[in-house]
Amino acid sequence: MKEFDDFNFSVDKYTKELTRECVGGSDLQQRKKEIEAYNEQTSATLKQTCKKNYMQFIQTAKEISHLESEMYQLSHILIEQRNILATMTDGKTSSHLKADSIEAESSAATEDVENSQATRAVKEMVQGFNGNLEGKTFLNEGALIELDANDYRPIQRVFFFLFNDVLIVCKVKHDKRLEFLTEFDPKKIAVINIKDLDGVKNAINIITPDGSKIYQSITAAGKSEWIEKLEDAFRFDQQKKPKKGQAPQPPNRSKQQQQQQQSQSKSATPEKLPEQSPTDTQPKSLEDETPEWLSTASEEIQTLVAQRHFEDAQSLIKRTQEFLSVAQHKKKLLQADVIEAKIKQQEQKLTNVLLQELSNSHNRNLQIALREVRRPLKILVEMGRSRQASTTLLKVCTVSLRVAQREARRNNAEISELFFCDLTQVACDFLSAFEQQPACVSALVVWCNAELQYFASQLIKHYLTKGTSLEAVAKCVERVRKPATKLTEIGLDISYHLEGLLRTTLESLIEESKQRLLDAVGRTEESWQPYNLQTKSNLKRLLLELDTLGIDIRGQTTGDTWLNLTQSTVVFIRQFLLLTEHCGCLGKGETLLQSLEHLLRDLFLAHHALKPPSDMSMDPNFVMKNKIFLVDNLLPIAIEKFRKTSGRQCETLRELHTKLSRQHGAPVPRQRSVYTTDVF
């Protein structure tokens with residue numbers, strides 16, 4: 001097989017040589033097997049080599065990722081060192097500038113130079129930025145990591161340029177270049193310090209008009225510096241304002257007279273004096289009576305929500321509301337209304353976040369989805385948002401329930417048991433979660449009704465289609481009814497409603513089966529002769545099969561292989577008993593009982609009315625014997641079988657049995673040839 005590895009390998013040449021060397025077809029078959037084995041070996045070797053190269057590639061990629069992370073950390077450390085050196089240099093120069101005014105002027109010139117250098121650097125380094133930075137004061141720059149607000153995983157590396165009235169956010173690309181993302185006004189953003197967690201440290205939350213974003217610094221010093229610089233940018237214009245304002249102007253004489261007249265009119269009617277506001281009557285020292293935790297409660301709640309500590313945020317909201325509900329506390333606080341409004345706003349935000357968490361909990365596995373919603377659901381119920389929580393929960397369950405049914409149909413699995421088990425689980429979890437909220441139970445009933453309608457429509461669409469046999473229909477309905485009755489254990493009875501949803505479709509399928517069975521009666525040619533099964537084993541097998549169905553015809557056997565019944569009668573006995581069992585399964589519901597009884601009656605009468613052709617010579621007693629056997633033996637067994645299966649009496653068949661029993665008289669004697677003679 002070394003020829004295949006040759007660079008100048010030729011298929012035609014190899015085939016000709018192989019044909020010349022081999023003698024007969026057996027040698028060619030042997031060489032063919034060797035080539036196929038070599039092909040499989042080569043394929044396996046290539047797969048192993050490919051897998052090995054792929055694993056090496058993954059390992060190399062991990063090493064490159066670690067190296068990039070280390071380089072990124074080194075870059076941050078160098079930036080921090082540069083900032084420290086710049087701070088030390090600025091400190092030395094500022095001490096000299098305070099001593100001499102000439103050096104102050106040179107410092108201003110140096111600041112202008114730094115601003116121009118920073119402006120030029122931003123324009124050169126940042127791709128896609130076209131803003132105007134002329135006349136702006138440069139405050140800080142540095143690299144941060146943007147984190148996901150839900151699970152705090154790193155999203156991307158960013159680089160900030162902070163000026164007095166603009167914050168430029170850039171994305172750090174793989175080639176270390178900067179790409180412009182967005183810009184914000186420092187006066188329109190808020191910076192929140194996030195407490196250090198186990199997995200996240202040195203993180204800050206920046207709230208912008210576009211939303212809230214979380215950024216992480218490499219060091220704690222860098223985090224503190226960014227908070228300080230952003231605060232400086234926020235107060236930059238206030239620091240530049242002059243301390244002295246315009247002197248107040250003395251009032252005009254006419255205005256003084258008007259004020260005196262107003263004061264006299266007010267003193268004349270003291271009962272109409274307006275009430276003084278509490279801020280005018282109470283001294284300013286009352287501001288100190290506001291607890292520190294209450295003054296920072298709004299910011300603390302926002303931080304807890306950002307860190308996904310929903311229980312702590314809800315408990316702090318409850319504590320604040322209870323504190324403010326006390327009249328004595330509220331009178332002592334000057335900003336009680338402002339704090340209360342902020343707390344209500346934070347409560348609404350927490351509600352929206354929890355509802356979003358609840359709506360995002362849908363999963364293909366219903367058990368996982370219900371386990372994920374327990375935490376936000378419990379908090380929403382404690383906050384008094386039961387109606388919103390119940391509506392959102394049922395929407396999540398709808399998605400999981402229908403996805404599970406779709407997957408079950410795709411895998412040819414049992415959907416009825418799955419649907420009702422999931423429905424029971426949802427109802428149990430719902431009732432346990434809203435046990436103290438009876439008003440929410442109505443929403444569960446409405447939801448169950450909607451899901452049952454959807455389930456019935458899918459059942460009709462995929463399993464109860466036109467042309468389905470009555471046996472398949474009976475099995476499908478039986479598989480649906482059994483788990484549906486189990487819901488009564490939790491107080492939810494949907495069986496009657498389910499029967500109503502399926503009634504029209506089942507009646508049409510029963511009528512279709514009836515017409516199909518009636519058309520098949522009498523199609524086969526009947527010889528009206530005893531049935532010969534050819535062998536003893538065939539006869540024994542038939543007798544055992546009919547015993548299983550509940551009828552014994554051993555009394556009709558003659559000889560070793562004969563039955564004293566026609567073949568069509570035996571086939572009808574088997575078919576009618578099976579059909580009776582299927583109708584009994586469907587007849588457990590009262591709505592279909594009449595249609596099923598008519599089906600059995602019409603089919604029995606159609607077969608009972610069969611007659612041999614007038615030109616056929618046969619024994620009329622044999623024909624009558626078959627009909628009597630059907631009435632006296634088959635019909636009572638079918639009536640009892642229907643009663644045991646459905647639990648209801650089949651009155652139509654009972655009346656039919658009584659009527660046909662009266663019609664059958666004694667067998668007609670067979671005509672015999674009579675010979676006459678003249679001999680006396």
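Preceding this section is the structure that the text describes.
Treat the numbers as computed from the prediction; the structure is a model and nothing was measured.

Trainee: I'm lost on the sheet that holds strand E10 (residues 557–558) in this one. Help?
Mentor: Strand order in the open sheet formed by 3 strands is E9-E11-E10, and the pairing between neighbours is antiparallel. The outermost strands of the open sheet, each flanked by one partner alone, are strand E9 (531–532) and E10. Looking at chain direction, E10 and strand E11 (residues 562–563) are connected through 2 bridges and run antiparallel. When the bridges of E11 are listed, Thr557 appears paired with Leu563.

Trainee: Could you clarify how one ought to interpret empty space enclosed by the protein in this entry?
Mentor: Rolled over the atoms, a probe with the dimensions of a water molecule shows which regions are left empty. Counted according to the given criterion, the structure contains 3 cavities of 30 Å³ or more. Volume-wise, the second largest cavity comes out at about 70 Å³. Lining the second largest cavity we find Trp528, Thr566, Ser568, Thr569, His607, Leu610, Val623, Asn626, Lys627 and Leu630. Elements with a contribution of two residues or more to the lining of the second largest cavity: helix H20 (567–586) and helix H22 (620–646). With 4 residues, the single largest contributor to the lining of the second largest cavity is H22. Each residue belonging to the lining of the second largest cavity can be placed in one class, and the counts come to 4 nonpolar, 5 polar and 1 charged.

Trainee: Explain the packing of aromatic side chains here, please?
Mentor: Each aromatic ring pair is described using two quantities: the centre-to-centre distance and the angle formed by the ring planes. For the structure shown, the criterion picks out 13 aromatic pairs. Plain terms: the ring middles of Phe129 and Phe180 are 5.3 Å apart, the flat faces sit at 55° to each other, and that makes the pair tilted. Taken as a pair, Phe129 in the loop between strand E1 (126–127) and strand E2 (138–147) and Phe180 in strand E5 (residues 178–184) lie far apart in primary sequence, 51 residues in all. When its relative accessible area of 22% is taken as the criterion, Phe180 is described as partly exposed. Judged by centre distance (5.0 Å) and plane angle (75°), the rings of Phe419 and Phe420 are edge-to-face. The class of Phe420 is buried, set by a relative accessible area of 1%. Each member of the aromatic cluster is reached from another via a ring pair, and the members are Phe160, Tyr215 and Trp226. The cationic tip of Arg319 hangs over the ring face of Trp293; the distance from NZ or CZ to the ring centre is 3.8 Å.

Trainee: Could you clarify how one ought to interpret the pattern of salt bridges in this entry?
Mentor: Opposite charge on two side chains permits pairing when their charged atoms draw close. Throughout the structure, instances matching the rule amount to 21 salt bridges. Close ionic contact of Lys514 with Asp602 constitutes a salt bridge, the shortest N to O distance being 2.6 Å. Residue Lys514 is found in helix H18 (residues 495–520), and its partner Asp602 is found in helix H21 (residues 593–608); the two are separated by 88 residues along the sequence. Pair check on accessibility: Lys514 and Asp602 agree, each one buried.

Trainee: Would you mind showing me how to read the nonpolar core here?
Mentor: Soluble, globular proteins show a tendency: their nonpolar side chains are buried together. Phe420, Trp447, Ile573, Phe604 and Leu634 are the most contacted members of the largest nonpolar core, which totals 103 residues. Ranked by residue count, the leading element in this core is H20, at 9 residues. Excluding its chain neighbours within four sequence positions, the residues that come into contact with Phe604 are Phe572, Phe576, Leu630, Val631, Leu634, Leu635, Leu656 and Leu660.

Reading the values: rules and limits
- Residues numbered from 1 in each chain as written.
- Predicted model: local features only at pLDDT ≥ 70, side-chain atom pairs only at ≥ 80, totals over all residues.
- Heavy atoms only, no water.
- Pairing = 2+ DSSP bridges.
- Helix = DSSP H or I, 4+ residues; strand = E, 2+ residues; numbered from the N terminus.
- 1 Å grid on protein atoms, 1.4 Å probe; cavity = no way out; pocket = protein on both sides within 12 Å on 5 of 7 lines; lining within 4 Å.
- Points joined across faces, edges and corners; volume = space filled by probe spheres on them.
- Nonpolar A, V, L, I, M, F, W, Y, C, P; charged D, E, K, R; others polar.
- Phe/Tyr/Trp six-rings, centres within 6.5 Å; stacked < 30°, edge-to-face > 60°.
- Buried < 20%, exposed > 50% of the residue type's maximum accessible area, 1.4 Å probe, protein only.
- Lys NZ or Arg CZ within 6 Å of the ring centre and 35° of its normal.
- Salt bridge = Lys/Arg side-chain N within 4 Å of Asp/Glu carboxyl O.
- Core = buried A, V, L, I, M, F, W, Y, C linked by side-chain atoms within 4.5 Å.
- Contact = heavy atoms within 4.5 Å.

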